[in-house]
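Each chain is listed here by its residues.
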Amino acid sequence: MLRCETEAMSPVLDPNPQNGQKKLLLVFGAMLLITVIIGVIASIASP
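This report concerns the structure included in the present document. (Residues numbered from 1 in each chain as written. Predicted model: local features only at pLDDT ≥ 70, side-chain atom pairs only at ≥ 80, totals over all residues. Heavy atoms only, no water.)

Section: the overall build of the chain
Within the chain one finds one helix and zero strands. Scored against the burial criterion, the 47 residues of the chain give a buried share of 2%. Of the roughly 4,700 Å² of accessible surface on the chain, a fraction of 71% belongs to carbon and sulfur atoms. (Helix = DSSP H or I, 4+ residues; strand = E, 2+ residues; numbered from the N terminus. Buried < 20%, exposed > 50% of the residue type's maximum accessible area, 1.4 Å probe, protein only. Areas by Shrake-Rupley, 256 points an atom, 1.4 Å probe, with all protein chains shown as cover.)

Okay, structure coming up:
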């Protein structure tokens, strides 16, 4: 009999990520935030 083992696999965006994954998400979020801020400043400064 075949058994589905999707419970054992962790999803990409885990609701409760492990410590390493949480740090990685924070780093990616900070990089995205900095990119957005630079884009807003550049669009305001452009003539």
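So, a nonpolar patch on the surface
Residues Leu-24, Val-27, Phe-28 and Met-31 make up a contiguous nonpolar surface patch of roughly 400 Å² in combined accessible area. As for its placement among the helices and strands, Leu-24 is situated in helix H1 (residues 19–45). (Patch = residues over 30% accessible without salt bridge, like charges linked within 9 Å, V, L, I, M, F, W, Y side chains within 5 Å. Salt bridge = Lys/Arg side-chain N within 4 Å of Asp/Glu carboxyl O.)

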